[in-house]
Each structure stands twice: as structure tokens, then as C-alpha cells.
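Residue strings, one per chain:
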Amino acid sequence: MPTPVRRLTRTQARRVALAAQGFTRPRPPGPVTARHLAAVVGRLGLFQIDSVNVLARAHHLPLYSRAGPYDPDLLHRAYGRAPRRLVEYWAHEAALLDVRLWPAFAFRREQPDRMWGGIARVGAEQPDLVRRVLADVRAAGPVTARQVEHEAPTDRDHWGWNWSDAKHALEYLFYTGQVTSAGRTPQFERLYDLTERVLPAEVLAAPALSPDQCYRVLVEHAASAHGVATRQCLADYFRLRPGPTAAAVEDLADEGVLVPATVQGWDRPAWLHRDAVLPRAVRARALLSPFDPLVFERTRTERLFDFRYRLEIYVPRERRVHGYYVLPFLLGDRLVARVDLAADRAAGVLRVHGAFGEPSAPPHTAAELAAELWLMAGWLGLEDVAVADHGDLATALAAEVPRRWSGHLD
């Protein structure tokens, strides 16, 4: 018999998604431990990496959003010291990936047809250079790209990259899985080493997966992390191709892992993971990175939360609507505001360059946001919060910030 289609309101779908992403669990009352980190890693599967550090590194924020203030060394150890819990790879974008998912990316490593030009060119046209770079890593790793670079000329015609051929060779080896990252330097340079010296032995010994099996594992994980999702959402989570994703969805549906669903206001079919939970209420409060898995698929964010979100880092200043590095603010089961934040480390101030409320924001939004800003400031080692007069929520937020600070002192 066909499986009945589950019908969800938008509110129900939103709560399912928030539960799947870990926002229905209270933050630990004490220190965040490796056990808390493991739970978040297992649930999400990845932390996206981005080089912008105006507030905090992007991969530091998802754990903070769910668990609250934690010692960053906890995360550094998880991907920079054996036995590693995380490893870098091209998952959504560049990401810290749950090492248990490494075998499921074999299809990408073995069929590197999504490489961009310079990397693919070096792999195809300069195999001797690739072998020489691999030998250097084997002899000296972990090493940075600057330590490995040969005298191959740097291509300065391509804006923004300026990579030498040796750097391209390293990235080819990284993409194909022959080398990986053993960690990062304080300057955030990747430390390359042989994959066999980085990954845990049980991961290296895992049975090989066919491309179809890889897609099945990744689509099921994406479905679990989303709770409820369209095929587009499932494909985007690990940047999978539509055709094999659709085939994996059908297989998982046939086995009852995915349950067909419709969501109020969505114009396409959805799928509910069989282990998805629908909480009666969500009492979350969190600032979210622009690269958080809850919001990194912007169409999904708009469908779930009626929240149109665009990253404006590359938009000229005079054309920005909300600001340079804008974080959505989750309160309850809604995205109720957004703030343009920067950590002024020299002055010891968390600067709120802009604060904007959503039409559905409740009256206590400014007070709750002020409390969350003080919590973030403390985590970043900053002593003050300063709110600029920009945005419709700025005045109310500026009034609440000193009040929250007085309460903190009490």
C-alpha cells in the first residue's frame, strides 16, 4: 500500500526543522564538553568554513548557537589532534566534516569533475608536479602551501587567487583525498598532510562505497539534519547532483526511511525523515552564522521562516540593505530580527552596526537580543556592547543593552 502523505503546517515544519537541528535541547548548564561537541557534530555532519573573521570564524558559530559559550580549543582539538572527530573537505562548501562521513565522499574524490579550472588543469597537465608536491608532503608534513611552493610561476591574471601551480597541485591532492588538513595555523593557513596520517584507522578501514551508496548515506544524513525537506534542500546540504539525489530519495522512501509530506505554502513535495520529531513548542534563543546549516539554503529559510536573507559581504557598502556580516536572531520558533555585528578586539567592544526587526517580532525581542549579545560578547572576550543608530530595532536595543549589563553586574 502507498505510504500516506503527512500534511504539515508551516509552523509544524519549522518546529520539526528546529528540533532536527538541535534547537529544542537546552544549553548545558556547565562547561561545554567533548560529549556536547560530538552530539552537535553527529546531528549536523559539518561546520562550514569561511575566511571572514569580522566577528568569529564561521565554523566556530554553529556549536556556540546550540550549546552557548565554549572553549574554542575544544573545536581545535577535534580537527587538529588525533583521534580526530572532524576533517576538512568540500562538503557543502569548504567544511569541517564529521570523519564518519568521509567514506561517503568517495564518489567526489574518485570522480573530480567538479573541480575548478586551475586545479583540474594542473592535475591533467602537470602530473610530475603533483607527484613532486605529494612527495614533499610525505617527507615534511604537516606543511602549509607556502612551505611547499615550488618555483612555478604564479598566475596573477585571475583575480583574487594568485595561486602558484604548486598550490593548485596541493588543492588537487586535497580534492582527490590523497592529502588533507591536519589543522590550521594561527593565520588560518591549512596544514597539509597525508590523509592516511590524519584520519582515524577505523575510518581508513571502512568498506568502500559505490557512488549510489555514497548518495544514499549523504541524502539520509541531510534528511535527518533537516527533519523535513524538499529534494532541493536534500541535494544542497552536501552539494549533491539532482539526478542521483532523486534516485536516493526514491530508494529511501521505498524503505520507509523518508515519508512523503506536504507543507503549507510549499510549492513542491517534501520528505519527512522517519525519526523526525514534532515538538509542541520551541523555546530557542540564538544568533546564527550566515553559514549555519539552519539557514544556509536561502530558499528553504524563506519558506520555513518567511525570512528573506541575503549575504551582503560582496555588495558595495552604499547598496547594502542590512550590513556586512548580518546574523539572524532566532527566538522561540521564529527568526525575529537580524543584526550586523563586528568584534572590535582592539577596543574590547561587540559593535552592533545595525539592528532590524521582523514584522512578527514580539515586544520582548530587544530585551532577549540584548541578553544574547552580552552572552556572545563574553564568549569573544569583549567587555562592552555598543549599538549604532541604524535599523528599526536599534533604538529599542540600545535602551536594553545597558539594562542587561546592569542585570549582569547584579
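Residues numbered from 1 in each chain as written. Predicted model: local features only at pLDDT ≥ 70, side-chain atom pairs only at ≥ 80, totals over all residues. Heavy atoms only, no water.

In the annotation of an unreviewed UniProt entry, the entry for the protein reads Winged helix-turn-helix domain-containing protein, and the organism field reads Aeromicrobium marinum DSM 15272.

Novice: Hey, could you run me through the pairing of strand S5 (residues 179–184) in this one?
Specialist: Extensive coverage of S5 is indicated by the burial of five of its six residues. Pairing of S5 with strand S6 (residues 190–194) involves four bridges; the strand directions are antiparallel. Looking at S6, one finds that Arg184 is bridged to Arg190. (Buried < 20%, exposed > 50% of the residue type's maximum accessible area, 1.4 Å probe, protein only. Helix = DSSP H or I, 4+ residues; strand = E, 2+ residues; numbered from the N terminus. Pairing = 2+ DSSP bridges.)

Novice: Honestly, the domain arrangement of the protein in this entry has me stumped. Any pointers?
Specialist: How large an interface is tends to be reported as the accessible area lost when its parts come together. Domain assignment breaks the protein into domain 1 (6–103 + 206–273), domain 2 (115–199) and domain 3 (310–400). Using only C-alpha atoms to locate each centre, domain 1 and domain 2 end up separated by 28 Å. Taken together, the contact between domain 1 and domain 2 spans 14 residues of the former and 16 residues of the latter. Each partner contributes to the roughly 1,300 Å² buried at the junction of domain 1 and domain 2, and carbon and sulfur atoms together form 63% of this total. Joining domain 1 to domain 2, the criterion identifies two salt bridges. (Domains from an automatic or database assignment. Contact = heavy atoms within 4.5 Å. Buried area = accessible area lost by both parts, 1.4 Å probe. Salt bridge = Lys/Arg side-chain N within 4 Å of Asp/Glu carboxyl O.)

Novice: Please clarify how the pairing of strand S12 (residues 334–344) should be interpreted in this entry.
Specialist: Two faces, one strand: in a regular strand the side chains alternate between the faces of the sheet. The buried count for S12 comes to nine of eleven residues, which makes it a mostly enclosed element. Of the pairings in the sheet, the one linking strand S11 (residues 326–332) to S12 comprises six bridges and is antiparallel in character. Residue pairing in the sheet places Val326 in a bridge with Asp340 of S12. Hairpin remark: S11 followed by S12, antiparallel, with one residue in the connecting loop. Here eight bridges tie S12 to strand S13 (residues 349–357), and the two strands are oriented antiparallel to one another. Across the sheet, the residue bridging to Asp344 is Val349, located in S13.

Novice: Could you clarify how one ought to interpret helix H1 (residues 10–20) in this entry?
Specialist: Along an α-helix, residues three or four apart share an orientation, since each turn contains 3.6 residues. All of the buried residues along H1 are Ala13, Arg14, Val16, Ala17, Leu18, Ala19 and Ala20. Directly beyond the C-terminal end of H1, a positive phi value near 90° is found at Gly22.

Novice: Honestly, the sheet that holds strand S4 (residues 94–98) in this entry has me stumped. Any pointers?
Specialist: The strands that make up a sheet pair up through hydrogen bonds in the backbone, lying either parallel or antiparallel. Spatial ordering of the open sheet is given by S2-S4-S3, a layout of three strands whose pairing is antiparallel. Edge positions in the open sheet fall to strand S2 (46–48) and strand S3 (86–90), since each of these has one partner strand only. When the angles between neighbouring strand axes are averaged without regard to direction, this sheet yields 30°. For S2 and S4, the ladder comprises three bridges, and the chain directions are antiparallel. Opposite Gln48, over in S4, you have Ala95 as the bridge partner. Contacts from helix H2 (residues 34–44) reach S2, S3 and S4 within the one sheet, and its direction differs from that of S2 by about 85°. (Axes fitted to C-alpha atoms, helices over the stretch in contact; angles between N-to-C directions.)

Novice: It is not clear to me how the sheet that holds strand S8 (residues 258–263) should be interpreted in this structure. Could you clarify?
Specialist: Ordered in space as S1-S8-S9-S7, the four strands form an open sheet in which the pairing is mixed. Each edge of the open sheet carries a strand with a single partner, namely strand S1 (6–8) and strand S7 (228–229). Its contacts with the sheet place helix H12 (residues 211–226) against S7, S8 and strand S9 (270–273), and it is angled at close to 85° to S9.

Novice: So what exactly am I meant to see when it comes to the pattern of salt bridges here?
Specialist: Where charged atoms from two side chains of opposite charge come close, those side chains can pair. If you walk through the whole model with that rule in mind, you get 22 salt bridges. When the shortest N-O distance is used, the salt bridge between Glu88 and Arg184 registers 2.8 Å. Here Arg184 lies in strand S5 and Glu88 lies in strand S3, a separation of 96 residues in the sequence. Taking the relative accessible area as the measure of exposure, Arg184 reaches 21% and is therefore partly exposed.

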